[in-house]
Each structure stands twice: as structure tokens, then as C-alpha cells.
Amino acid sequence: AAPDTTAPTVSSTDPANGATGVALNKQVAATFSESMDPLTITAANFTLTQGTTPVSGAVSYAGVTATFTPASSLAASTEYTATITTGAKDLAGNALAVNKVWSFTTGAAPDTTAPTVSSTDPANGATGVALNKQVAATFSESMDPLTITAANFTLTQGTTPVSGAVTYVGVTATFTPASSLAASTEYTATITTGAKDLAGNALAVDKVWSFTTGTVPDTTAPTVSSTDPANGDIGVALSKRVSATFSETMDP
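Residues numbered from 1 in each chain as written. Predicted model: local features only at pLDDT ≥ 70, side-chain atom pairs only at ≥ 80, totals over all residues. Heavy atoms only, no water.

**Re the side chain of D90**
The condition that has to hold: Labels follow the DSSP assignment, with helices taken as runs of H or I lasting at least four residues and strands as runs of E lasting at least two, numbered in each case from the N terminus. When a residue's accessible area, from a 1.4 Å probe over protein chains only, is under 20% of the maximum for its type it is buried; when over 50% it is exposed; and in between it is partly exposed. By the counting scheme adopted, Arg and Lys are positive, Glu and Asp are negative, and His together with the chain ends is not counted. One speaks of a salt bridge when a side-chain nitrogen belonging to Lys or Arg is within 4 Å of a carboxyl oxygen belonging to Asp or Glu. Here a residue-residue contact requires only that any non-hydrogen atoms of the pair lie within 4.5 Å.
Within the fold, D90 resides in the loop between β8 (79–84) and β9 (100–106). Here D90 occupies a buried position and makes no salt bridge, while the nearest side chain of opposite charge, K89, is found at 8.9 Å. For D90, the contacting residues outside a window of four places in its chain are D4, T6, P8, E34, S35, M36 and D37.

Put into C-alpha cells, the structure is as follows:
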């Protein structure tokens, strides 16, 4: 019944603040705590500077991630500062409470290492998969969100494509089927080499895995299995990040 008056935040950046040895062909990305108004994620509100000199580049926005792509390779062994201003607003019109500013230092070479898919859920060969299951893939590094699309992440039953939507948050891509999967049926998920990291490196080969459904949907509630800091902890560092570990894979 009440309007949304909560300011969005930047939940993570890549490179992280204080990072060193950053690749010269790196794109700079920021993940927000919620969906943002894409008309406010612009080159005026997301900038990169070397000292006081602006770096020329383009800004894109997909999912909850904004990406600054420099027009040319960054200089070696140089400190850069990225800024997202309070001109960035969420879909309710709430602006960032303060500018988000972070810095990093480049290394001496570009990144030429291909990303990989480090895990999938369901796992390859899994059986008894719930009929209302979302299919997720976790990458080895941050990916270019503009390449994590329904064209590059597909689900098929035999040769028949499954209709669904693809989202990307953090380092996890999720395929959400438009309707429940069929019972006792084998499905195959594929992420193609069209998926690329923030340096433009594509997967070396398509990632393909299969699983078989069971006969019922998943109706079991997840739980939080542990937290850091633990409940009741004292003397926690002022710079501490607060984390929670779940009993199963969650919808990012």
C-alpha cells in the first residue's frame, strides 16, 4: 500500500575497489541491489577517469548490471577511478543516496583467458529434477551481461526449444521456463560461445548439460544454513561484509 522510498545501492563492482593487475581490455561493471531506470544509466552518470582526465567509452545496462566499455585499451600500470552518480535512479525514481566511487590499478597485459562455467544447477546427469525448476549456470568470472541472452542460453526437450526468459546477476545466469517442465523427461541446456566475459573473451566451447525431471514440483522451502558473522557475534570488523549461506541454490 505504500510507495517505494528506499534508495538503491551498488552491491558489487568488477573490478573491485582497490583491485590491482586489472587487464588492459577490461570493461568496468557495477551490479545494483535492484532494477534501475535504464534511462538514468548513462555516460553522464557512469564515468571512468584517469586522474582528472575522462576516459572515453560507452555505457550499457542489462538485468541489474551497468557496464562501462572503454573506447580503447586502458594504459598499463595506471590507476583509474569509476563513479556512478546520484543521477542513477531505480524504477520508482529513488536515486543512489551518495555517489558510488571506486578505484583500481591496471596491470601490464590484456586478459586473453576464456571464461568457463564452473557449476550448473541441475548438475549434468541429474534425475528427479522438480518440474518447476529454474536452470542456472555459474561462471568462473563476471560476464558481459549483454551476451547472456535467450539466444546464447537455451533449453531444449529433444530438438524442441523450451520457451523461457534468461536473467543474469553476479556471476550466475538463470533460465526460467515459461511453464512447468514435463514429468520424467530429459532436457538439455546449452550456453554457447556467444557468451563473453568483460574483456570480450568467449567460452572456448559450448557448455552443454542434460538432466531428467521427476514427477512433482519442488514445494520445500529453503533455509539459511549459516551466517557470517554468526548471530550474537561481537567485535565484528567495521568493514565486514555480511553473508548468508542457503541450503540450496537460490533465485539470484
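**Concerning the sheet that holds strand β12 (residues 135–139)**
What holds strands together in a sheet is hydrogen bonding between their backbones, with the strands either parallel or antiparallel. As a reminder, the rule being used: Strand pairing is defined by DSSP finding a minimum of two bridges between the two strands. Where helices are involved, their axes are fitted lines through C-alpha atoms of the stretch in contact, as for all axes, and angles between N-to-C directions lie from 0 to 180°.
Reading across from one edge, β10-β12-β16-β15 is the order of the four strands in this open sheet, with antiparallel pairing throughout. On the outer flanks of this sheet lie β10 (117–121) and β15 (164–169), each paired with one strand and no other. Each strand of the sheet is rotated relative to its neighbour by a mean of 15 degrees, with strand direction disregarded. By the bridge criterion, six bridges tie β15 to strand β16 (residues 172–177) in an arrangement that is antiparallel. Paired with Y168 across the strands is A173, a residue of β16.

**Some details on the pairing of β16**
The element β16 is largely enclosed, with a buried count of five among its six residues. Bridging between β12 and β16 involves four bridges; their strand directions are antiparallel. If you follow T138 over to β16, its bridge partner there is T172.

**Things to note about unusual backbone geometry**
Geometrically, the link from D121 to P122 is a cis peptide bond, its omega value of 5 degrees lying close to zero. Relative to the helices and strands, P122 resides in the loop between β10 and β11 (126–129). With omega at 5 degrees, the peptide bond leading from D228 into P229 counts as cis. Following the sequence through the fold, P229 ends up in the loop between β19 (224–228) and β20 (243–246). Of note, the phi angle at S77 is positive, near 50 degrees, even though the residue is not glycine. Here S77 lies in the loop between β7 (65–70) and β8. According to the relative accessible area criterion, S77 is exposed, its value standing at 57%. Look at S184: it is not a glycine, yet its phi comes out positive at around 50 degrees. Within the secondary structure layout, S184 lies in the loop between β16 and β17 (186–191).

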